[in-house]
Amino acid sequence: MTRHPARGRIGRRSPATEPEPGEEMLTVEDLVVEFGDGPTATRALRGVDLSLRAGQVLGVAGESGSGKTTAALATMGLLARGARTSGSIRYRGTELLSLPERELRQYRGSQLAMIFQETASALNPVFTVGDQLMMAARAHTPGGRGEVRRRVEAALADVRLLDTDRVMNSYPHELSGGMCQRAIIAMALSCGSRVLFADEPTTALDVSVQREILDLIRGLVDRHRLAVMMISHDLAVLSDVCDDLMVMYRGRVVESGDARTVLSAPGHPYTQALLDCIPTLHGTGGDLREITPEQRVIIENAAPVGVAAHGGARR
C-alpha cells in the first residue's frame, strides 16, 4: 500500500487515554484507493470522508463492489500489496497513512480491530479459541500470562460467554457460529481496541442469533464508548443498531446522515432504489424489483445528499 504524507496532527491524544463521550476517534478525509496501473487501473474509492465518535455506530450500506469493505481495509492498512492510497486517515489526531508498517502495527489490533463476516476465516481451526485469544492479547497488551488470561476471561464474560473454560478449551468447529462471532469480538476487547470495523458480522447467522449479536454490539458501544463502523448490505440490520448511516455507490458516498432520517426520507435516488429492492411481508408475490439501467443513469448523475463536495460525510 502506497502511503502519502500526513496532513498534520490535529488534537493528537494518547491511545491509552480513555475516550471522552462523543470524542472523535477516527477521521477519514478524501480517501482514494486505486488498484492496478495505467489504463487498467481501477479506482475503488473516490474521495471518501467519514468520522467515527466514541459511543457511535456508523452504518455503511451499498451493493457488492461499492467500496464498503475497501474503506475499512484501507483504514486498517490491510489492502492488497500494490494498492495506491491517498488522502488522510487520523486516529485520535495521529495520521496513519504516513506511518511506517512497524508503527502502524502498534495501532492495528490494539486500537483498531476488524470483525470479519466469516468466523471460519478469522479463527484458525488447528488452535483452541483460548490459545488464539491469548496470543492476540499478549501481542497487543502488557502483563504476564496470568494477567492476560484474566483480561481474556473478562472479555468473554463481557460478550456473554460465561462458561469461559469450555469456550477457551474448544476448537472453533466445536462452537456455534454465534459463539465464534462473540469470541472474535472478545478478542478485540481483550486487546483494548477502541474502533471496530464490523464487516457483515451477522450474515452467516440465523435470525435469532443475529438479533443477539446486534444487541451485544450496541451494548458494548454504550458501555465502553466504542466507535463502530457496521458494514452491511442489509438495511434492516443497520436500522436496528446504527446512529448514522452512510450509503456508498461505486466508490463514493452518495448520502449520509442520521440513520432514521436517511431510511425514512432518503434524499438520493440510489438510497431509494436500495429500499425499493427490499422484499416485504405484504408484497404482491411478483418478481423482486431491481435497479434498472435507466435508474443507473439517474443515480450516477445525482448530487450527493448530506455529503461534502469532494465525496465524504459532512459533520
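Residue numbers restart at each chain and count upward from 1, following the sequence in its written direction. The predicted nature of this model means local features are confined to residues of pLDDT at least 70 and side-chain atom pairs, given and counted, to a pLDDT of 80 or more, with totals for whole chains, interfaces and linings taken over all residues. In computing side-chain properties, one takes all heavy atoms of the structure into account and sets aside hydrogens as well as water.

Caption draft 1: Structural view of the sheet that holds strand β10 (residues 252-258). Read across the sheet, six strands follow the order β6-β7-β8-β3-β9-β10 without closing on themselves; strand pairing throughout is mixed. Of all strands in the sheet, those bounded by a partner on one side alone are β6 (112-115) and β10. Taking each pair of neighbouring strands and ignoring which way they run, the sheet shows an average axis angle of 20°. We call two strands paired when DSSP finds no fewer than two bridges between them. For the purposes of this entry, the term helix denotes a DSSP run of H or I that reaches at least four residues, the term strand denotes a run of E that reaches at least two, and both are numbered from the N terminus. Judged from the four bridges that link them, strand β3 (residues 57-61) and strand β9 (residues 244-249) form a sheet pairing that is parallel. By the bridge assignment, L58 is partnered in β9 with D244. Axis angles are defined between N-to-C directions and span 0 to 180 degrees, where every axis is a line fitted to C-alpha atoms and, for a helix, only to the segment in contact.

Caption draft 2: Representation of the packing of helix α11 (residues 269-276) against helix α12 (residues 293-301) within the structure. Packing of α11 against α12 leaves a shortest axis separation of 8 Å and a crossing angle of 145°. Contacts from P269, Y270 and A273 of α11 reach α12 at Q295, R296, I298 and I299. Side-chain classes follow a simple rule in which Ala, Val, Leu, Ile, Met, Phe, Trp, Tyr, Cys and Pro form the nonpolar group, Asp, Glu, Lys and Arg form the charged group, and the remainder, Gly included, forms the polar group. For the contact of α11 with α12, a count of residues per class yields five nonpolar, one polar and one charged. When checking whether two residues touch, look at their non-hydrogen atoms; a contact exists if any pair is within 4.5 Å.

Caption draft 3: Looking closely at the pairing of strand β2 (residues 42-53). Of the strand pairs in this sheet, strand β1 (residues 24-35) and β2 are connected by nine bridges, and their pairing is antiparallel. In the sheet register, V33 faces β2, and the bridge partner there is L45. Counting the residues that bridge the hairpin from β1 to β2 gives six residues, and of these G36 lies at a positive phi of roughly 85°.

Caption draft 4: Region of interest: the packing of aromatic side chains. Aromatic rings from Phe, Tyr and Trp, taking only the six-membered ring of Trp, are treated as a pair when their centres fall within 6.5 Å; an angle between ring planes under 30 degrees marks them as stacked, one over 60 as edge-to-face, and anything in between as tilted. Evaluation of the coordinates by the stated rule reveals two aromatic pairs. A ring pair is formed by Y91 and Y107, whose centres lie 5.9 Å apart and whose planes are at 75°; its orientation type is edge-to-face. Of this pair, Y91 sits in strand β4 (residues 84-91) while Y107 sits in the loop between α2 (101-104) and β6; the two residues are 16 residues apart in sequence, bridging distant segments of the chain. Classification of Y107 by relative accessible area gives buried; the value is 7%. Here Y249 and Y270 contribute two aromatic rings whose centre-to-centre distance is 4.8 Å and whose plane-to-plane angle is 45°, an arrangement assigned as tilted. Of this pair, Y249 sits in strand β9 while Y270 sits in helix α11; the two residues are 21 residues apart in sequence, bridging distant segments of the chain. Between buried and exposed lies partly exposed: a residue is buried under 20% and exposed over 50% of the maximum accessible area for its type, with that area taken using a 1.4 Å probe on protein chains only.

Caption draft 5: Up close: the sheet that holds strand β5 (residues 94-95). In spatial order, the strands read β2-β1-β4-β5; together these four strands make up an open sheet with antiparallel pairing. Where the open sheet ends on each side, the last strands, each with one partner, are β2 and β5. Of the strand pairs in this sheet, β1 and β4 are connected by seven bridges, and their pairing is antiparallel. Across the sheet, L26 pairs through a bridge with Y91, a residue of β4. Running over the sheet, helix α1 (residues 68-76) touches β1, β2 and β4 and is turned about 110° from β1.

Caption draft 6: Expanded view of the pairing of β6. Because side chains alternate across β6, one face comprises the buried residues L112 and M114, and the other comprises A113 and I115, equally buried. As paired strands, β6 and strand β7 (residues 195-199) are joined by four bridges and run parallel to one another. Opposite L112, over in β7, you have V195 as the bridge partner.

Caption draft 7: Structural detail: the pattern of salt bridges. Every case where a carboxyl oxygen of Asp or Glu lies within 4 Å of a side-chain nitrogen of Lys or Arg is listed as a salt bridge. With the rule as written, the count across this model stands at 21 salt bridges. One salt bridge connects R84 with E34, and the closest N-O pair in it is separated by 3.1 Å. Of the two residues, R84 sits in strand β4 while E34 sits in strand β1, which places them 50 residues apart along the sequence. Take R84: its relative accessible area is 24%, and that puts it in the partly exposed class. The shortest N-O distance in the salt bridge between R53 and D244 comes to 3.6 Å. Of this pair, R53 sits in strand β2 while D244 sits in strand β9, and the two are 191 residues apart along the sequence.

Caption draft 8: Seen up close, the environment of R151. By secondary structure assignment, the location of R151 is in helix α5 (residues 145-158). Put simply, R151 and L133 are 18 residues apart on the chain and 10.0 Å apart in space, counted from C-alpha to C-alpha. Once you skip the residues sitting within four places of it in the chain, R151 turns out to touch T141, P142 and S190.

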